[in-house]
Amino acid sequence: MLADSLLVRRRPYVMFWWWTAVALAVWSPVRFAMDDLVASATGRERLWWAGCVREDGRAAGWRHTAEGIAGGLGAGLLLIAPVLLVILIVAVRRHGEDRPEAHVRAARAAVLVLAAAEALLLVRERVAPSALDPACVERFAPPDLGSAGIAFTWLVSAPAAVLIAAGAATLARPARALTATAAALVLPLAGVTVVEWLPELRHVLTGPELTAEGTPRYVLVGSSGPRRNWSDSGSELHVLDLATGKPVGQVDLPGEEYGEYTSAARAREPGEYIAAATVSVGGNDDEGGSEASEVFRITLDARGRPRVGEKVSPALAGAVTSLDVSPSGRVGYARVATNAVGTSFPFLGVVGRSPDWPSQGAHKVQWAGDRTLLSLSEGQWEGPVVNGGLKPERGWVPALDVERREITRHPLGAPPEAGLLARLPGGRTIVADARDGRPRLVVHDGPTAIGTLFVPARGRILSMALDRAGTHLLVGQDNQSDPNKHPTEWDHELHRVDLRPLAGVPTPPQSSFRDLNPPRRLVWHGMHPVATIAW
């Protein structure tokens, strides 16, 4: 009896931790009840995210049923947890307060119930995750504390207090009790932290995930662009996994007031992109409102999941049809504004520099260095050239000189069809060519054609994009022959072309359109046109 009394005195705070667990278990329902009272009195939502849930994103069918069952059971267990803890405390005090194994058994039962409640709530969220409006979340969400927030939540939770009570009751020596308690608290936190940060740590150390060829695994593809029929009207922006050929997910619009994404481009840093979204200014069209565009930053994590970030441009009148980022980070764009009578006015511009410059047409833009923004959709000036000592066979494209703030003519060895141009390391270019009525991609060294890179089996070439190293090319192909028919799964394709063998191909003395036959493979096919590629 004396030994038992001494054992109890060595653990004077055991019951204190049990009652602390009760208080922490009671706190959650009490807090929600208080929030309900405040919400009723003020007319505000109880939780910050309740007002951000999109109605079109709520679960339906079996997911709705599973969500209700898992959520109800989880909430019920959390409500009865304080009563269960009080029952366990009474049992321990009556039948074995001085018996360590009694505390262990009670702690096992308590942690099992509390863990089951949290697991059910987690299942509810996984089965039917809440679809939140990104703009609303960015405005009202509290700061994300990451691992620090998880650690604090765990330390002030009922399971943590139960573990401390069991550890203090089991080990007589204070040092051993302290070590065991610290391990019980720290090890779960370390596990959660590793699980949370492992993908991000890999992203920091190795950058975005790569394919077997060493290129970015994920690419942004959009169906925006020159519209020919109803199937082109859904200007959505998706993330495509090049390793599997399957979409990872759709990029959400910045908010409910935004209509669609009309253009996207790769930014300077790996995994970062920019995209232009349309927004109604001054009400909808029936109320006399007008359309504008705003450019946002988009990031992809190591798993290809997109996140819409901050706005990088003011509202630009009209629709942005093309974006490109210069080596120093300047954002160039082409836009088309329409007046009240339906007349369109194209402009070229650079974010942060005003005013914009009127142009003959606005479809695609591309930087040539850091101060010259090319407009690749306008007419070419060809024929005898006397300015600058350039060769007569070279063509011209309109360009915006950012420093001089004027429209100039920029020499281009081979004018591209529909504005499709890609610049390779070393100065060679890939241009779309349809001079004989057959669409194809041709490699040029200045004005001299080296050979044909890509010829679609049918249809036309809609888009293309290089990876950052210039070793691979993605080509969007449109096979839809009848615009009035519903598109099929093979009406649109995305091909990948390996450009590395081109390094050993010399430039011929005269232009040649022979087939270079580089390695290529089909990455994706579907019903939506690939009019925008940001890789």
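The rules behind the values
- Residues numbered from 1 in each chain as written.
- Predicted model: local features only at pLDDT ≥ 70, side-chain atom pairs only at ≥ 80, totals over all residues.
- Heavy atoms only, no water.
- Helix = DSSP H or I, 4+ residues; strand = E, 2+ residues; numbered from the N terminus.
- Buried < 20%, exposed > 50% of the residue type's maximum accessible area, 1.4 Å probe, protein only.
- Contact = heavy atoms within 4.5 Å.
- Areas by Shrake-Rupley, 256 points an atom, 1.4 Å probe, with all protein chains shown as cover.
- Pairing = 2+ DSSP bridges.
- Axes fitted to C-alpha atoms, helices over the stretch in contact; angles between N-to-C directions.
- Core = buried A, V, L, I, M, F, W, Y, C linked by side-chain atoms within 4.5 Å.
- pLDDT = per-residue confidence, 0-100.
- Salt bridge = Lys/Arg side-chain N within 4 Å of Asp/Glu carboxyl O.
- Phe/Tyr/Trp six-rings, centres within 6.5 Å; stacked < 30°, edge-to-face > 60°.
- Lys NZ or Arg CZ within 6 Å of the ring centre and 35° of its normal.

Of the regular secondary structure elements, the protein holds eight helices and 25 strands. Counting every position in the protein, which comprises 535 residues, the buried fraction comes to 42%. Counted over contacts in the protein with a minimum sequence separation of 6, partners at least 24 positions apart contribute 55%. For the protein, the accessible area works out to roughly 28000 Å², and carbon and sulfur atoms hold 58% of it.

Counting through the fold element by element, L522 comes out in strand β24 (residues 520-526). For the pair L522 and H495, spaced 27 residues apart in the sequence, the C-alpha separation amounts to 4.5 Å. With near-sequence residues (within four places) excluded, L522 lies in contact with W490, E493, L494 and H495.

For the rest of this paragraph, the subject is the pairing of strand β20 (residues 448-454). Counting buried residues along β20, seven of its seven residues qualify, which places the element largely inside the surrounding structure. As judged from the five bridges shared by strand β19 (residues 440-445) and β20, these two strands associate in the antiparallel manner. Each residue of the ladder has a partner; that of V443, found in β20, is G451. The hairpin formed by β19 and β20 contains two residues between the paired strands, and G446 there has a positive phi angle of roughly 65°.

Turning our eyes to something else, we now look at the sheet that holds strand β1 (residues 218-222). Taking strand neighbours across the sheet as the criterion, the four strands line up as β3-β2-β1-β25 in an open arrangement whose pairing is antiparallel. Only two strands of the sheet have a single neighbouring strand rather than two, namely β3 (246-250) and β25 (532-534). In this sheet, neighbouring strand axes are inclined to one another by 30° on average, regardless of whether the strands run parallel or antiparallel. Bridge count between strand β2 (residues 237-241) and β3: four bridges; the pairing is antiparallel. Counterpart to V239 in the pairing with β3 is G249.

A few words on the sheet that holds strand β18 (residues 429-433). Backbone hydrogen bonds hold the strands of a sheet together, and the pairing may be parallel or antiparallel. In spatial order, the strands read β17-β18-β19-β20; together these four strands make up an open sheet with antiparallel pairing. Lying at the two open borders of the sheet, with one neighbouring strand each, are β17 (421-423) and β20. If you compare each strand with its neighbour and ignore which way they point, the axes differ by 30° on average. Two strands pair when backbone bridges link them, and β17 and β18 are joined in this way by three bridges, in the antiparallel orientation. Directly across from L421, in β18, lies its bridge partner V431.

Here strand β14 (residues 372-375) shows two buried faces, one formed by T372 and L374 and the other by L373 and S375. Pairing between strand β13 (residues 365-367) and β14: three bridges, direction antiparallel. Bridge pairing in β14 places V365 opposite S375. Connecting β13 to the antiparallel partner β14 that follows it, the hairpin turn spans four residues, and G369 within it adopts a positive phi of roughly 90°.

Now for unusual backbone geometry. Leave glycine aside and you will find that most residues have negative phi; peptide bonds, for their part, are mostly trans. Even without glycine at this site, R405 takes up a positive phi of about 55°. Residue placement: R405 occurs in the loop between β15 (395-401) and β16 (406-412). A relative accessible area of 40% places R405 in the partly exposed class. With a phi close to 50°, N517 is a non-glycine residue in the positive phi region. Its relative accessible area of 61% is what places N517 among the exposed residues.

By size, the foremost hydrophobic cluster in this structure holds 21 residues, and its most contacted members are W18, L85 and V162. Setting aside chain neighbours within four positions, we find V162 in contact with W18, A21, L85, A107, A110 and V111. Judged by nonpolar contacts, the second largest core, of 20 residues, contains L420, M464, V497 and L499.

On to the confidence of the model for the protein. Averaged over every residue, the pLDDT of the protein is 76; residues scoring 70 or more account for 70%. In this model, residues 225-234 is a region of pLDDT below 50 whose contacts with residues beyond four sequence positions or in other chains number 24 contacts. Note on residues 283-289: pLDDT is under 50 here. Beyond four places in sequence and across chains, it has seven contacts.

The subject of this paragraph is the pattern of salt bridges. If the charged atoms of two oppositely charged side chains come close together, the side chains can form a pair. Per the stated rule, a full pass over the model turns up 13 salt bridges. Between R404 and E406 there is a salt bridge, and its shortest N-O distance comes to 2.5 Å. Accessibility expressed as a relative area gives 53% for R404, which makes it exposed. The partly exposed category is assigned to E406, whose relative accessible area is 29%. When salt bridges with common partners are traced through the structure, they connect E272, R297 and E310 into a single cluster.

The next point concerns the packing of aromatic side chains. Here the structure, examined in full by the defined rule, presents one aromatic pair. A centroid spacing of 5.4 Å and a plane angle of 85° characterise the contact between Y258 and F296, whose relative ring orientation is edge-to-face. Of this pair, Y258 sits in strand β4 (residues 258-266) while F296 sits in strand β6 (residues 290-300); the two residues are 38 residues apart in sequence, bridging distant segments of the chain. Each member of the pair, Y258 as well as F296, carries the same accessibility label: buried. Positioned above the aromatic ring of F347, the side-chain terminus of R335 is 4.3 Å from the ring centre.

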